[in-house]
Amino acid sequence: MTMEKILKAELNTNLLKALGSSGGGCISQGQTYETDRGRVFVKINHKPQARKMFEGEMASLEAIQKTNIVRVPQPIKVIDLPGGGAMFAMEYLKMKHLNKYSSKLGEQIAELHLYNQKLGEKLRTEGSTIGKGAGHSEAQFVDQFGFHTATCCGYIPQVNEWQSDWPSFFIRHRLQAQLDLIEKDYGDREARELWSQLKPKIPEMFCDVEIVPALLHGDLWAGNVAEDDSGPIIFDPACFYGHSEFELAIAGMFGGFSSSFFSAYHSKIPKAPGFEKRNKLYQLFNYINHWNHFGTGYRGSTLNMMKKLLK
């Protein structure tokens, strides 16, 4: 069965017409189709772990969508490809470069980060009113760090096992997990030595901040944000509940976000004491992740960041 035949059957459409040239990032191919129910965008990936990757993305889009705060493409379904790999169909949105709605996006990302905290405050003020509609599908406050499924930052799967302590979650499931891959692929002695000095110093960077788990997009660089006439759009998420500051590191590293984005964000979530140092720590994660994806061009930035953090 051809890919088109499978898509027709899975999307329950008679019309399936490929539009324009296919696009795609460095990980999946993308193709827009005209169908009976309007346009859909389909991501295609032939790797054996593609289904897991797309399921994490679908769960992430659904989590952001449930908050009703910032717009994401409506996910439709993950479809297996014959001979391995998978496709991920979602709503097609006509997107243009983020420009007019930059500060609006800053506000929305801050609202997204505050969403869970506000649920928690609501719970506390309501107290434990029993019997308020059993089986109600209202949003639940999340009191731990992690996510209900694995997600991929790029193509590297991230373990999101729930933990009650943010520094432990971040050290173990983000930094250590990435450095284990560096160790496996490069056996870099300098990285290993710097990490052994840095690791025990990380918890003290968090001693004077209270961290409420925040729903994060997880990969908020300029290539994953856009707008249309009605407002900002974010896509390609790798969600988890984490420290809101984590989100800002990659946004600040590779450009593409105007200062109005950051000032709108910080008017809702002001910088906590020690922000700058933790921002470097979160940038370190992104440099190691880039080293793992794109090779030793990112080794220097990684080691420099570790040295800066040790000062």
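Since this is a predicted model, take the numbers as computed values, not measurements.

Calculation notes
Residues numbered from 1 in each chain as written. Predicted model: local features only at pLDDT ≥ 70, side-chain atom pairs only at ≥ 80, totals over all residues. Heavy atoms only, no water. Axes fitted to C-alpha atoms, helices over the stretch in contact; angles between N-to-C directions. Helix = DSSP H or I, 4+ residues; strand = E, 2+ residues; numbered from the N terminus. Parallel < 35°, antiparallel > 145°, perpendicular 65-115°, else oblique. Left-handed = near helix turned anticlockwise from the far one by under 90°. Contact = heavy atoms within 4.5 Å. Patch = residues over 30% accessible without salt bridge, like charges linked within 9 Å, V, L, I, M, F, W, Y side chains within 5 Å. Areas by Shrake-Rupley, 256 points an atom, 1.4 Å probe, with all protein chains shown as cover. Salt bridge = Lys/Arg side-chain N within 4 Å of Asp/Glu carboxyl O. Lys, Arg positive; Asp, Glu negative; His and termini not counted. Charge placed at Lys NZ, Arg CZ, Asp CG, Glu CD. Phe/Tyr/Trp six-rings, centres within 6.5 Å; stacked < 30°, edge-to-face > 60°. Buried < 20%, exposed > 50% of the residue type's maximum accessible area, 1.4 Å probe, protein only.

1. Let's talk about the packing of helix 6 (residues 244–253) against helix 8 (residues 275–294)
Next, step 1: At their nearest, the axes of helix 6 and helix 8 sit 8 Å apart, and the two run at 65° to each other. Judged by the inter-axis angle, helix 6 sits roughly perpendicular to helix 8. In this structure, helix 6 meets helix 8 at a crossing whose hand is right-handed. Note on element contacts: helix 8 touches helix 6 through F275, R278, N279, Y282, Q283, F285, N286, Y287 and H290, opposite E245, F246, L248, A249, I250 and M253.

2. Brief notes about a positive patch on the surface
Next, step 1: Judged by side-chain charge, K201, K277, K280, K308 and K311 come together as a positively charged surface patch.
Next, step 2: Relative to the helices and strands, K277 is located in helix 8.

3. A few points about the packing of aromatic side chains
Next, step 1: Under the definition given, this model contains 18 aromatic pairs.
Next, step 2: Relative to F169, the ring of W166 lies with its centre 5.7 Å away and its plane at 25°, an arrangement referred to as stacked. With W166 and F169 both in helix 4 (residues 166–186) and 3 residues apart, the pair spans about one turn of that helix. Note on accessibility: W166 and F169 belong to one class, buried.
Next, step 3: Aromatic pair F170 and F246: ring centres 6.1 Å apart, planes at 70°, arrangement edge-to-face. Here F170, found in helix 4, pairs with F246, found in helix 6; they are 76 residues apart in sequence, far enough to count as distant.

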